[in-house]
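Residues per chain, in single letters:
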Amino acid sequence: MAFHKVDYTKENGLPVVLTTVDKLVQWGRSNSLWAVSYGLACCAIEMMAAGGGRYDFDRFGTIFRASVKHSEVMIIAGTLTKKHAEFTRRLYDAMPEPKWVISMGSCANTGGMFNTYSTVQGVDRIIPVDIYLPGCAPRPETLQYALMILQKKIRRQKPNRSQKPKRLV
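Residues numbered from 1 in each chain as written. Predicted model: local features only at pLDDT ≥ 70, side-chain atom pairs only at ≥ 80, totals over all residues. Heavy atoms only, no water.

Looking at an unreviewed UniProt entry, one finds the protein named NADH-quinone oxidoreductase subunit B and attributed to Campylobacter corcagiensis. UniProt, in its Subcellular location (unreviewed entry) section for the protein, records the words "Cell membrane". (UniProt positions renumbered as here; feature names shortened; annotations may be inferred.)

Given below as structure tokens:
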């Protein structure tokens, strides 16, 4: 009969992790973000590059989905027109709770250089935005950093939906 004696005092303590259920739920939620790819303009090329093998979003647990019913993160990349705004709002409403939005690029954030009658001057006028990515067009590394910031934000939130409602501009 073999005895396996492990001296935990030499191995820096016991192999036990103590945490709360809330933190465990949020950790799991933050590491399995499914993003709906919603490319509207040139920023979408950078978003597609971010999904490629060079940047490999899969290692963060971020998988691009074509269905909003299975997605919890909406990445809006590019110029949003007023003609498309109602459709964007409908897609956002179809996403399950909890959901987050990343606005990617200057055109999505503020309308960019298109201060015209047909351009929405910021996605946050249509749907609440959690993270803004500046730049024209932001690099895939920037989107990667934004997802890491979103993961930190999710880990700090409570898993129950007692959060205050997000504000529109």
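It is possible for side chains of opposite charge to pair when their charged atoms get near one another. Counted by the stated rule, this structure contains 5 salt bridges. The salt bridge partner of arginine 89 is aspartate 93, with a shortest N-O separation of 3.3 Å. Of the two residues, arginine 89 and aspartate 93 are both situated in helix H3 (residues 82-94); the distance of 4 residues between them amounts to about one turn of the helix. Overall, arginine 89 belongs to the partly exposed group, its relative accessible area being 29%. Note on aspartate 93: relative accessible area 45%, which makes it partly exposed. (Salt bridge = Lys/Arg side-chain N within 4 Å of Asp/Glu carboxyl O. Helix = DSSP H or I, 4+ residues; strand = E, 2+ residues; numbered from the N terminus. Buried < 20%, exposed > 50% of the residue type's maximum accessible area, 1.4 Å probe, protein only.)

Side chains of Tyr145, Met148 and Ile149 sit close together on the surface and give an oily, nonpolar patch of about 270 Å² of accessible area. For methionine 148, a relative accessible area of 33% translates into the label partly exposed. (Patch = residues over 30% accessible without salt bridge, like charges linked within 9 Å, V, L, I, M, F, W, Y side chains within 5 Å. Areas by Shrake-Rupley, 256 points an atom, 1.4 Å probe, with all protein chains shown as cover.)

With that settled, consider unusual backbone geometry. Omega for the peptide link from glutamate 97 to proline 98 comes to -10°, which places this bond in the cis form. Looking at the element boundaries, proline 98 is found in the loop between H3 and strand S4 (100-104). Positive phi is not limited to glycine here, since aspartate 56 has a value of about 50°. Checked against the element boundaries, aspartate 56 lands in the loop between helix H2 (43-50) and strand S2 (63-65). Looking at aspartate 56, the relative accessible area reads 30%, which means it is partly exposed.

On to the pairing of strand S3 (residues 73-77). Counting buried positions along S3 yields 5 of 5 residues, so the element is predominantly enclosed. The side-chain alternation of S3 yields two buried faces, one formed by Val73, Ile75 and Ala77 and the other by Met74 and Ile76. Bridge count for strand S1 (residues 34-39) against S3 is 5 bridges, and the pairing is parallel. Bridge pairing in S3 places glycine 39 opposite alanine 77. (Pairing = 2+ DSSP bridges.)

Now for the nonpolar core. Residues Leu33, Val73, Ile75, Ile102, Met104, Leu143 and Leu150 are the most contacted members of the largest nonpolar core, which totals 20 residues. In terms of residue count, the dominant contributor to this core is helix H5 (residues 140-156) (5 residues). Setting aside chain neighbours within four positions, we find isoleucine 75 in contact with Ala35, Val36, Tyr38, Met47, Phe64, Ile102, Met104 and Leu143. Leu91, Met95, Ala108 and Ile127 belong to the second-largest nonpolar core, a separate cluster that totals 17 residues. (Core = buried A, V, L, I, M, F, W, Y, C linked by side-chain atoms within 4.5 Å. Contact = heavy atoms within 4.5 Å.)

To continue, consider the packing of aromatic side chains. Applying the stated rule across the entire model yields 2 aromatic pairs. Considering the side-chain rings of phenylalanine 57 and phenylalanine 60, the 6.4 Å spacing of their centres and the 80° angle between planes classify their relative orientation as edge-to-face. Overall, the relative accessible area of 17% leaves phenylalanine 60 in the buried class. Plain terms: the ring middles of phenylalanine 57 and phenylalanine 64 are 6.0 Å apart, the flat faces sit at 20° to each other, and that makes the pair stacked. The exposure class assigned to phenylalanine 64 is partly exposed, which follows from its relative accessible area of 26%. (Phe/Tyr/Trp six-rings, centres within 6.5 Å; stacked < 30°, edge-to-face > 60°.)

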